[in-house]
Amino acid sequence: QVQLVQSGGGLVQVGGSLRLSCAASGVLFRLGAMEWYRQAQGKQRELVATITTTGSTNHADSVKGRFTISRDNAKNTAYLQMNSLKPEDTAIYYCNAYYISNIGSSPGNSWGQGTQVTVSS
């Protein structure tokens, strides 16, 4: 089993910055792509950013130029640097990671526990 533990988040004023972390642990042969999602109250969960094992990234149009996803493969950790935060960025943020636990195992994925980000105006 692979567990994802998130850290970071909290309350910040408009224009401020936060950094989220997502660390994978457990039985892990290979960690694949990692993603950040968010879910605002009353809305569907949406994909915010994705990073592959080689560092290729994609960001949602709503966060391009403000958020940056990155990863440290040595630490099995992904990050989401959030700058110029807006009230509409308020949501619970979740990380998701794809992995292979052992050689020959089927790929799986795990979710982090979620972390609240609140941007006050």
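Look above for the structure.
Quick look at the structure, then. Owing to the predicted nature of the structure, the values given are computational and were not obtained by experimental measurement.

Rules and cut-offs
Residues numbered from 1 in each chain as written. Predicted model: local features only at pLDDT ≥ 70, side-chain atom pairs only at ≥ 80, totals over all residues. Heavy atoms only, no water. Helix = DSSP H or I, 4+ residues; strand = E, 2+ residues; numbered from the N terminus. Rg over C-alpha atoms; globule rule 2.2 N^0.38 Å. Buried < 20%, exposed > 50% of the residue type's maximum accessible area, 1.4 Å probe, protein only. Contact = heavy atoms within 4.5 Å. Areas by Shrake-Rupley, 256 points an atom, 1.4 Å probe, with all protein chains shown as cover. Lys, Arg positive; Asp, Glu negative; His and termini not counted. Charge placed at Lys NZ, Arg CZ, Asp CG, Glu CD. Pairing = 2+ DSSP bridges. Axes fitted to C-alpha atoms, helices over the stretch in contact; angles between N-to-C directions. Salt bridge = Lys/Arg side-chain N within 4 Å of Asp/Glu carboxyl O.

Another point: the overall build of the protein. The number of helices and strands found in the protein is zero helices and eleven strands. The secondary structure elements of the protein, listed N-terminal to C-terminal, are β-β-β-β-β-β-β-β-β-β-β. Taking 2.2 N^0.38 as the reference for a compact globule, 121 residues should give roughly 14 Å; the C-alpha atoms of the protein span a radius of gyration of 14 Å, in line with that estimate. Expressed along its principal axes, the backbone C-alpha trace of the protein runs to roughly 50 × 25 × 20 Å. Per-residue burial for the protein yields a buried fraction of 41% across its 121 residues. Long-range pairs, those at least 24 residues apart, make up 56% of the contacts in the protein with a sequence separation of at least 6. When the accessible surface of the protein is summed, it comes to about 6,400 Å², and 47% of that surface belongs to carbon and sulfur atoms. Within the protein, one finds 10 positive and 6 negative side-chain charges whose respective centroids are separated by 4 Å.

Right, let's get into the sheet that holds strand 1 (residues 2-7). Pairing in this open sheet of four strands is antiparallel, and the strands run 1-3-8-7 from one edge to the other. Looking at strand neighbours, the two that pair on one side only are strand 1 and strand 7 (67-72), the edges of this open sheet. Between one strand and the next, the sheet's axes are offset by a mean angle of 15°, whatever the strand orientation. Across six bridges, the pairing between strand 3 (residues 18-26) and strand 8 (residues 77-82) is antiparallel. Residue pairing across strands places Ala23 opposite Thr77, the latter belonging to strand 8.

With that settled, consider the pattern of salt bridges. Under the defined criterion, the tally for this structure stands at four salt bridges. Arg38 is paired through a salt bridge with Glu46; the nearest N and O atoms lie 2.6 Å apart. Classification of Arg38 by relative accessible area gives buried; the value is 5%. Two residues, Asp61 and Lys64, come together in a salt bridge whose shortest N-O distance is 3.2 Å. The exposure classification of Asp61 matches that of Lys64, with both residues exposed. Three or more residues are tied together by salt bridges with common partners; here these are Arg38, Glu46, Arg66 and Asp89.

The subject of this paragraph is unusual backbone geometry. Unusually for a residue other than glycine, Asn76 sits at a positive phi of about 50°. Topologically, Asn76 is positioned in the loop between strand 7 and strand 8. Taking the relative accessible area as the measure of exposure, Asn76 reaches 24% and is therefore partly exposed. Phi at Ser84 takes a positive value of approximately 50°, unusual for a residue other than glycine. By secondary structure assignment, the location of Ser84 is in the loop between strand 8 and strand 9 (91-100). Ser84 sits in the partly exposed class, given a relative accessible area of 39%.

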